[in-house]
Amino acid sequence: MAEKKIAVRSQDPGQRRVLDSATRQRRLTRQLEALEKDNFQDDPHASLPQLVKRLPQFDESNESSKRRKKTRGDHFKQRFRKNFQTLLEEEDLSVSEGPNYLTACAEPSKFPQRHFCAVCGFPSNYTCVSCGSRYCCVRCLGTHHETRCLKWTV
Amino acid sequence: MTTLVLDNGAYFAKIGYSHEKVSVIPNSQFRSKTSRLKTFTANQLDEIKDPSGLFYILPFQKGYLVNWDVQRKVWDHLFGKEMFKVDFADTNIVITEPYFNFTSIQESMNEILFEEYQFQSALRINAGSLSAHRYFHEKNSELCCIVVDSGFSFTHIIPYCRGRKMKEGICRINVGGKLLTNHLKETISYRQLHVMDETHVINQVKEDVCYVSQDFYKDMEIAQFKGEDNMVMKDYVLPDFSSIKKGFCKPREEMNFTGKYKTGEQILRLTNERFAVPEMLFHPSDIGIQEMGIPEALVNSINNMPEDMQSHFYKNIVLTGGNTLFPGFRDRVYKEVRALAPVEYEVSVVLPQNPICYPWEGGKLLAENPDFEEMVVTRDDYEENGHYVCEEKFDI
Ligand SMILES: Nc1ncnc2c1ncn2[C@@H]1O[C@H](COP(=O)(O)OP(=O)(O)O)[C@@H](O)[C@H]1O
Ligand SMILES: [Mg+2]
Ligand SMILES: [Zn+2]
Ligand SMILES: [Zn+2]
């Protein structure tokens, strides 16, 4: 089939490294996590002199507040500076009865997986031997090799 | 006594007194490259003349309220003299929270509403429950409805029967407007122009050019055509925030299919991105999220309901939340549910006039309802009985 031919012609398995499935999974997870980010750039205030208050950080040490007398506000900060993952773990849903956050997640689809070229986004019939990404033509495969494929590190 | 209705979304706060109109206000803070000393809150966004590279500070993470410092800044602003001038001693609040909210978040919420702000009474409720209330108010002969709420963080499908939330049927798809915008941003950055720092601008591009395809593979074919035959292709003129304040699509007759534009405008050329991005709501597995899309999840959720109710759900599907505004959204949901549902059932999918504010409208109606007093927890009640009374009273 065409898939084989192209694969043999443009990628010599003896030369190109092949990513194992754990690495491929890590890549996918990282890609999906990136889609949850609020910002990709740095906080424009981060590079400013001390004067300016920084973005609240969950892991910010409480050194300065320890020195002051504890106020209601401090109580708030400590109790309420938890990220999503911590809150989810604290909720301890494994012991809860009935539907909950975890059980409510949609099940996998019963429809077959669809495949799109990682470069141009059009339907694809071929899989990159090295990394498992999809591509639609030799040209896109070339672009893929040059830009992502093994160049992406996890 | 007045009642403030606040649908506290992760992206927009939909807020207003029950006897007035609703306002839609960003529920976040912002920082800009050009005003390097100020943090802008909520609708102060409008004061930023050049929002390129806009930096977001959001109170929510994955749809749950975690960053209380930020949330309180936004609320202080909304409740304060610049906006709603709330007289807490004389005001009740109806406020929304996500499905399966965490106990500690609920308790923080109680404390802040009753102890910090000191509202006279409060009703915590899911936005979908308000939508269901709004729906049954208009269609009072219907017994059931199934609400789709597709907002910033995720999409929920929630069956309601006679105002009762059917917990076993609730389904969450982890695809929302944020993911769509970020995905569009990545795609554009990889294929043509680095826009990773331009969430604000690309979010607008998404709302201006994306649509839900009615025939996905057909549109894929069209989007591959060269030149004028490519009816999917659009050129989007990016804002420069001096002469072009807002981005827009080039009118088709001004599009240059053969070469580059001579004008100095910065252009994005969009083809399959236009419909492949919203497609994530229908096929999350396209980007590796192994979950059902909206129509399949709807049918699955209805199948989990008692059989005698199923036909009622199929003819009362209600679409709410910002993502349902993509052109073609309603028709696609109808088409796919129709194809999956048993032929003998009637299928009806309703897209309200304002799907973003539909829950708020339900909250307004609820506040005017004679039973409202029975539903709220008063401050006295809370002071006497604490979190327990809220847990008992709220269907949450
Ligand atoms: N016309 C539109 N087309 C597509 N998406 C839209 C449109 N208007 C708003 N949105 C998106 O809807 C989301 C906000 O919807 P909303 O229901 O208010 O969410 P939430 O309640 O989570 O804040 C945002 O991601 C926004 O980009
Ligand atoms: Mg919402
Ligand atoms: Zn391709
Ligand atoms: Zn590869």
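Refer to the structure above for everything that follows.
Presented here is a report on the structure given in the accompanying data block. The structure displayed is predicted, hence computed values, not measured ones.

### Section: the interface of chain B and chain A
Each partner contributes to the interface: chain B provides 73 residues, whereas chain A provides 59 residues. Summed over both sides, the interface between chain B and chain A buries roughly 6,000 Å², with carbon and sulfur atoms accounting for 55% of that surface. Scanning the region where chain B abuts chain A turns up four salt bridges. Of the charged contacts, one joins Lys 178 of chain B and Asp 38 of chain A as a salt bridge, the two residues approaching to 2.6 Å between their closest N and O atoms. Counting across the interface, chain B meets chain A through 30 residue pairs in polar contact (both at pLDDT 80 or more). Taken together, the elements giving at least two residues each to the side of chain B that touches chain A come down to strand 6 (55-57), helix 1 (68-79), helix 2 (103-117), strand 14 (171-173), helix 4 (177-191), helix 6 (216-222) and helix 8 (294-303) of chain B. Per element, the largest residue contribution to the side of chain B that touches chain A is nine residues, and it comes from helix 2 of chain B. When grouped by side-chain class, the residues that make up the side of chain B that touches chain A number 27 nonpolar, 22 polar and 24 charged.

### Remarks on the pairing of strand 11 (residues 144-150) of chain B
All names here are of chain B. Across the seven residues that make up strand 11, a large majority, seven, are buried. Here strand 11 shows a buried face lined by Cys 144, Ile 146, Val 148 and Ser 150 and a second buried face lined by Cys 145, Val 147 and Asp 149. Pairing between strand 11 and strand 12 (residues 155-161): seven bridges, direction antiparallel. Of the residues in strand 12, the one forming a bridge with Ile 146 is Pro 159.

### Considering the sheet that holds strand 6 of chain B
Residue and element names in this part refer to chain B. With respect to topology, three strands assemble into an open sheet ordered 5-4-6, the strand pairing being antiparallel. Each having just a single partner strand, strand 5 (40-41) and strand 6 make up the two edges of the open sheet. Note that strand 4 (residues 29-31) and strand 5 share two bridges and pair antiparallel. Considered in strand 5, the bridge of Phe 30 is made with Phe 40.

### A closer look at the coordination of the zinc ion (ligand 4)
Note on metal geometry: ideal angles are 109.5 degrees for four donors arranged tetrahedrally and 90 or 180 degrees for six donors arranged octahedrally. All names here are of chain A. Summarising the metal site, the zinc ion (ligand 4) is bound by the protein donors Cys 128 (SG), Cys 131 (SG), His 144 (NE2) and Cys 149 (SG), whose distances to it range over 2.0 to 2.3 Å. Around the zinc ion (ligand 4) sit four donor atoms, and with donor-metal-donor angles ranging over 96 to 118 degrees the site reads as tetrahedral. Within one chain, the residues donating to the zinc ion (ligand 4) are spaced in sequence as C-x2-C-x12-H-x4-C. One end of the pair, Cys 131, is in the loop between strand 1 (126-127) and strand 2 (134-135); the other, His 144, is in helix 6 (residues 138-147), with 13 residues separating them in the sequence. Residue classification places Cys 131 among the buried residues on the basis of a relative accessible area of 7%.

### Topic: the packing of helix 1 of chain B against helix 2 of chain B
All names here are of chain B. It is the contact of helix 1 with helix 2, at a shortest axis distance of 13 Å, that shows an interaxial angle of 35 degrees. Crossing of helix 1 over helix 2 shows right-handed handedness. Side by side, helix 1 and helix 2 meet where Trp 68, Arg 72, Trp 75, Asp 76 and Phe 79 of the first sit next to Ile 105, Ser 108, Met 109, Ile 112, Glu 116 and Tyr 117 of the second. Taken together, the residues of the contact of helix 1 with helix 2 sort by class into seven nonpolar, one polar and three charged.

### Brief notes about the pattern of salt bridges
Evaluation of the coordinates by the stated rule reveals 19 salt bridges over all chains. Between Arg 31 of chain B and Asp 43 of chain A there is a salt bridge; the shortest N-O distance is 2.5 Å. Taken together, the residues Arg 31 of chain B in strand 4 and Asp 43 of chain A in the loop between helix 2 (21-34) and helix 3 (63-67) connect one chain to another. The two residues Arg 31 of chain B and Asp 43 of chain A agree in class, both being buried. The salt bridge involving Lys 38 of chain B is made with Glu 47 of chain B; its shortest N-O contact spans 3.3 Å. Using a relative accessible area of 34% as the deciding quantity, one classes Lys 38 of chain B as partly exposed.

### Digging into helix 10 (residues 329-340) of chain B
All names here are of chain B. The terminal C-alpha atoms of helix 10 lie 17 Å apart, and with 12 residues this matches the ideal 16 Å at 1.5 Å per residue to within 8%. The set of residues buried in helix 10 consists of Phe 329, Arg 332, Val 333, Glu 336 and Val 337. Summarising the axial view, the buried residues of helix 10 lie within an arc of 120 degrees, below the 170-degree limit, and thus occupy one face. The inward-facing, buried residues of helix 10 contact helix 8, helix 9 (307-314), strand 18 (317-320) and strand 19 (349-350).

### Here's the deal with the packing of aromatic side chains
Scanning the entire structure with this criterion turns up 29 aromatic pairs over all chains. Pairing Tyr 126 of chain A with Tyr 135 of chain A gives two aromatic rings, centres 5.5 Å apart and planes at 35 degrees, and the pair type is tilted. An identical accessibility class is assigned to Tyr 126 of chain A and Tyr 135 of chain A; each is buried. Measuring from centroid to centroid gives 4.8 Å for Tyr 64 of chain B and Phe 102 of chain B, while their planes differ by 20 degrees, and the two rings are stacked. Taken together, the positions of Tyr 64 of chain B in strand 8 (residues 64-65) and Phe 102 of chain B in the loop between strand 9 (91-96) and helix 2 put the pair 38 residues apart, joining distant regions of the chain. According to the relative accessible area criterion, Tyr 64 of chain B is buried, its value standing at 0%. By relative accessible area, Phe 102 of chain B is classed as buried at 0%. Three or more aromatic residues joined by ring pairs make a cluster, and in this case those are Trp 68, Trp 75, Phe 79, Phe 88, Tyr 117 and Phe 119 of chain B. Its end group placed over the ring of Phe 216 of chain B, Arg 114 of chain A keeps NZ or CZ at 4.2 Å from the ring centre. Its end group placed over the ring of Tyr 190 of chain B, Arg 148 of chain A keeps NZ or CZ at 3.7 Å from the ring centre.

Thresholds, definitions, all that
Residues numbered from 1 in each chain as written. Chains lettered and ligands numbered in written order. Predicted model: local features only at pLDDT ≥ 70, side-chain atom pairs only at ≥ 80, totals over all residues. Heavy atoms only, no water. Contact = heavy atoms within 4.5 Å. Buried area = accessible area lost by both parts, 1.4 Å probe. Salt bridge = Lys/Arg side-chain N within 4 Å of Asp/Glu carboxyl O. Polar contact = N/O pair within 3.5 Å; in protein donor to acceptor, adjacent residues only side chain to side chain. Helix = DSSP H or I, 4+ residues; strand = E, 2+ residues; numbered from the N terminus. Nonpolar A, V, L, I, M, F, W, Y, C, P; charged D, E, K, R; others polar. Buried < 20%, exposed > 50% of the residue type's maximum accessible area, 1.4 Å probe, protein only. Pairing = 2+ DSSP bridges. Donors = N, O, S within 2.8 Å, 3.2 Å for Na, K, Ca; no water. Tetrahedral: all angles 85-135°; square planar, octahedral: opposite > 155°, others 65-115°. Axes fitted to C-alpha atoms, helices over the stretch in contact; angles between N-to-C directions. Left-handed = near helix turned anticlockwise from the far one by under 90°. Expected span 1.5 Å × (residues − 1). Arc of directions from axis to C-beta. Phe/Tyr/Trp six-rings, centres within 6.5 Å; stacked < 30°, edge-to-face > 60°. Lys NZ or Arg CZ within 6 Å of the ring centre and 35° of its normal.

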